[in-house]
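Overview (structure and organization)
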Amino acid sequence: MGIDLHTHSTASDGTDSPTSLVEAAAAAGLTTVAITDHDTFAGWSDAADAAQRVGVRLVRGVEISCESEGHSVHLLGYLVDPFDAALAEELARARESRATRLARMVELLAADGIPVTYAQVLAHVPPGATPGRPHIADALVTAGAVAHRDEAFARWLFDDSPYYVRHYAPEPQRAVELVQGAGGIGVLAHPFATRRGWTMPDALVERLAGLGLAGIEADHPDHDAAARARARRLAEGLGLLVTGSSDYHGLGKTVRLGQESTDPAVLAEIEARASGVAVVPA
Ligand code: AMP
Ligand code: ZN
Ligand code: FE
Ligand code: FE
């Protein structure tokens, strides 16, 4: 069936344009792909045009960066109304804060002799894209300081690094309410990815479920078997939908489109419950 509900394009930190992303989904044999760039809807329009041209269904979504007690939490918002003012304003605020934050990270890196300037980083942020740490990584690759994004993250850009600077991000409780208010479906992204150091406590998932969280991403490349089982167990107890997705970033990561997938019945439920925008038909 091939349904992949979590991917990134050059509208944030992926390396495929929204058009190429959808073309790649068709080439991979997917029936349905979601575009879920960080904190932006900027890729939706081009992706929708491509979807109709190549015959893939497109779920328009967004991955909202949140912060809970100092820890990063990601919420996928599917089929939200992009004109909902409260959600759009929150995303704009996060994007602006991300730019300042990258400049500060560059200052810290440069002060320690790591060869990168803010201008070099900006040269790697595609026009209109949400800026993120992967764009610093790309500048470091171009400068010859590291071989690829992963190495830049492993050496300098990881979450607890001395060079890490926070950006504005809403609490996940607020993000769940914003997604609901925009007629969308909220699904927790990779909540138990231990690679990132910290994992979300069950109690937070329970609280979010009480506020209208609809689902949880169980099958994700950064989830091991224990994390997947934990997500499924929680979902069953709380009545949450279970999704599976690749979190494809083009050349920025080694995962393939469709490497993980979502059950068609779950997608049908997401579609049935959402009122923000419709799935773009193939
Ligand atoms: P930011 O949004 O600026 O906090 O950066 C987070 C993004 O960095 C994630 O969404 C991933 O796309 C990317 N990322 C995190 N760890 C790595 C890694 N080890 N290698 C490549 N990309 C990574
Ligand atoms: Zn990313
Ligand atoms: Fe994420
Ligand atoms: Fe993602």
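Please refer to the structure higher up on the page.
Criteria and cut-off values
- Residues numbered from 1 in each chain as written.
- Chains lettered and ligands numbered in written order.
- Predicted model: local features only at pLDDT ≥ 70, side-chain atom pairs only at ≥ 80, totals over all residues.
- Heavy atoms only, no water.
- Donors = N, O, S within 2.8 Å, 3.2 Å for Na, K, Ca; no water.
- Tetrahedral: all angles 85-135°; square planar, octahedral: opposite > 155°, others 65-115°.
- Helix = DSSP H or I, 4+ residues; strand = E, 2+ residues; numbered from the N terminus.
- Buried < 20%, exposed > 50% of the residue type's maximum accessible area, 1.4 Å probe, protein only.
- Pairing = 2+ DSSP bridges.
- Contact = heavy atoms within 4.5 Å.
- Axes fitted to C-alpha atoms, helices over the stretch in contact; angles between N-to-C directions.
- Parallel < 35°, antiparallel > 145°, perpendicular 65-115°, else oblique.
- Left-handed = near helix turned anticlockwise from the far one by under 90°.
- Nonpolar A, V, L, I, M, F, W, Y, C, P; charged D, E, K, R; others polar.

**Looking at the coordination of the zinc ion (ligand 2)**
Bound to the zinc ion (ligand 2) are the protein donor atoms Asp-13 (OD), Asp-13 (OD), His-38 (NE2) and His-249 (NE2), situated 2.1 to 2.6 Å from the metal. Here the zinc ion (ligand 2) is ringed by six donor atoms whose angles at the metal span 52 to 157°, and the overall shape comes out irregular. In primary sequence terms, the donor set of the zinc ion (ligand 2) follows D-x24-H-x210-H. In this structure, the zinc ion (ligand 2) is positioned 5.8 Å from the iron ion (ligand 3). Separated by 211 residues along the polypeptide, His-38 in strand β2 (residues 32-38) and His-249 in the loop between β7 (241-244) and α10 (264-273) bring together distant segments of the chain. Across the pair, His-249 and His-38 agree in class, each one buried.

**Focus on the sheet that holds strand β5 (residues 185-189)**
Spatially, seven strands are ordered β1-β2-β3-β4-β5-β6-β7 in an open sheet, and the strand pairing comes out mixed. The open sheet has two edge strands with one neighbour each: β1 (3-4) and β7. As paired strands, strand β3 (residues 57-68) and strand β4 (residues 71-78) are joined by eight bridges and run antiparallel to one another. Counterpart to Glu-67 in the pairing with β4 is Ser-72. Contacting β3, β4 and β5, helix α7 (residues 172-181) runs over the sheet at an angle of about 150° to β3. Against the sheet, helix α9 (residues 225-238) contacts β6 (215-219) and β7, and its axis sits at roughly 150° relative to β6.

**Thoughts on the packing of α7 against helix α8 (residues 202-210)**
Across the interface, α7 lies against α8 with an axial gap of 10 Å and an inter-helix angle of 30°. The orientation of α7 relative to α8 falls into the category roughly parallel. The crossing of α7 and α8 is right-handed. Residues Pro-172, Gln-173 and Val-176 of α7 touch α8, and the partners they reach there are Leu-204, Arg-207 and Leu-208. Residues of the contact of α7 with α8, tallied by class, amount to four nonpolar, one polar and one charged.

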